[in-house]
Amino acid sequence: MPVRHKMHVKKGDTVQIIAGKDKGKVGDVLAAFPKSSQVIVAGVNIRTKHVKPRQEGESGQIVTEEAVIHSSNVMHYSEKEKVASRICHTFTDEGRKVRMLKKTGEVID
């Protein structure tokens with residue numbers, strides 16, 4: 001049975017890459033995979049794939065797509081302040097639990 005890891009990022013979050021060849025790039029999380037603790041970030045970790053023609057008369061092509069990156073290599077990013085930050089959980093005035101950036105106090109959810 002695979003282990004499901006608790007991840008600090010969700011689909012749709014804006015993150016900054018903090019390690020690897022794409023360090024410093026900013027993008028949105030397109031997909032999250034909690035079983036392997038990996039995410040796909042738009043415009044980061046681009047891989048090229050050579051695709052053979054499937055039918056006669058069709059030409060082959062080179063397809064570029066985003067590959068997975070480990071969730072520990074990404075950090076939440078504030079568009080307003082242009083800074084990466086960790087998150088904490090806090091409650092709003094209505095009593096709803098939300099995620100908040102520690103450096104800026106910006107509410108994510």
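Residues numbered from 1 in each chain as written. Predicted model: local features only at pLDDT ≥ 70, side-chain atom pairs only at ≥ 80, totals over all residues. Heavy atoms only, no water.

A. Here's a closer look at the environment of Ala67. By secondary structure assignment, the location of Ala67 is in the loop between strand S5 (61–66) and strand S6 (69–70). Residues Ala67 and Gly43 lie 24 residues apart in sequence; the distance between their C-alpha atoms is 9.6 Å. (Helix = DSSP H or I, 4+ residues; strand = E, 2+ residues; numbered from the N terminus.)

B. Just unusual backbone geometry, in detail. The phi dihedral of Ser37 falls on the positive side, at around 60°, and the residue is not glycine. As for its position among the elements, Ser37 is in the loop between strand S2 (26–33) and strand S3 (38–41). In this structure, Lys82 is a non-glycine residue whose phi angle is positive, near 60°. Along the chain, Lys82 turns up in the loop between strand S7 (74–78) and strand S8 (83–85). In this structure Lys82 comes out as exposed when scored by relative accessible area, which is 54%. (Buried < 20%, exposed > 50% of the residue type's maximum accessible area, 1.4 Å probe, protein only.)

C. Summary view of the pattern of salt bridges. If you walk through the whole model with that rule in mind, you get four salt bridges. Among the salt bridges present, the one from Glu79 reaches Lys82, with a minimum N-O distance of 3.7 Å. Where Asp109 meets Arg99, a salt bridge forms, and the shortest distance between an N and an O atom there is 3.2 Å. Residue Asp109 is located in the segment after strand S10 (97–101), and its partner Arg99 is located in strand S10; the two are separated by ten residues in the primary sequence. Exposure remark for Asp109: the relative accessible area of 41% places this residue in the partly exposed category. The network of salt bridges with common partners includes Asp13, Arg99 and Asp109. (Salt bridge = Lys/Arg side-chain N within 4 Å of Asp/Glu carboxyl O.)

D. The arrangement of the sheet that holds strand S1 (residues 14–17) in detail. The strand order across the open sheet formed by six strands is S6-S3-S2-S1-S7-S8, and the pairing between neighbours is antiparallel. Two strands close off the open sheet at either side, each with one partner strand: S6 and S8. Two elements, S2 and S3, share four bridges in a ladder whose sense is antiparallel. Paired with Phe33 across the strands is Gln38, a residue of S3. (Pairing = 2+ DSSP bridges.)

E. Seen up close, the nonpolar core. Membership of the largest hydrophobic core is limited to ten residues, which are Met7, Val9, Val15, Ile17, Val29, Val39, Val41, Val44, Ile69 and Val74. Residue contacts for Val74: discarding those within four places in its chain leaves His8, Val9, Val15, Gln16, Ile17, Ile18, Val39, Val41 and Ile69. (Core = buried A, V, L, I, M, F, W, Y, C linked by side-chain atoms within 4.5 Å. Contact = heavy atoms within 4.5 Å.)

F. Just the environment of Val44, in detail. By the secondary structure assignment, Val44 is in the loop between S3 and strand S4 (46–51). Note on Val44: relative accessible area 2%, which makes it buried. With 25 residues separating them in the primary sequence, Val44 and Ile69 have C-alpha atoms 8.6 Å apart.

Worth remembering: the numbers are spatial, not functional.
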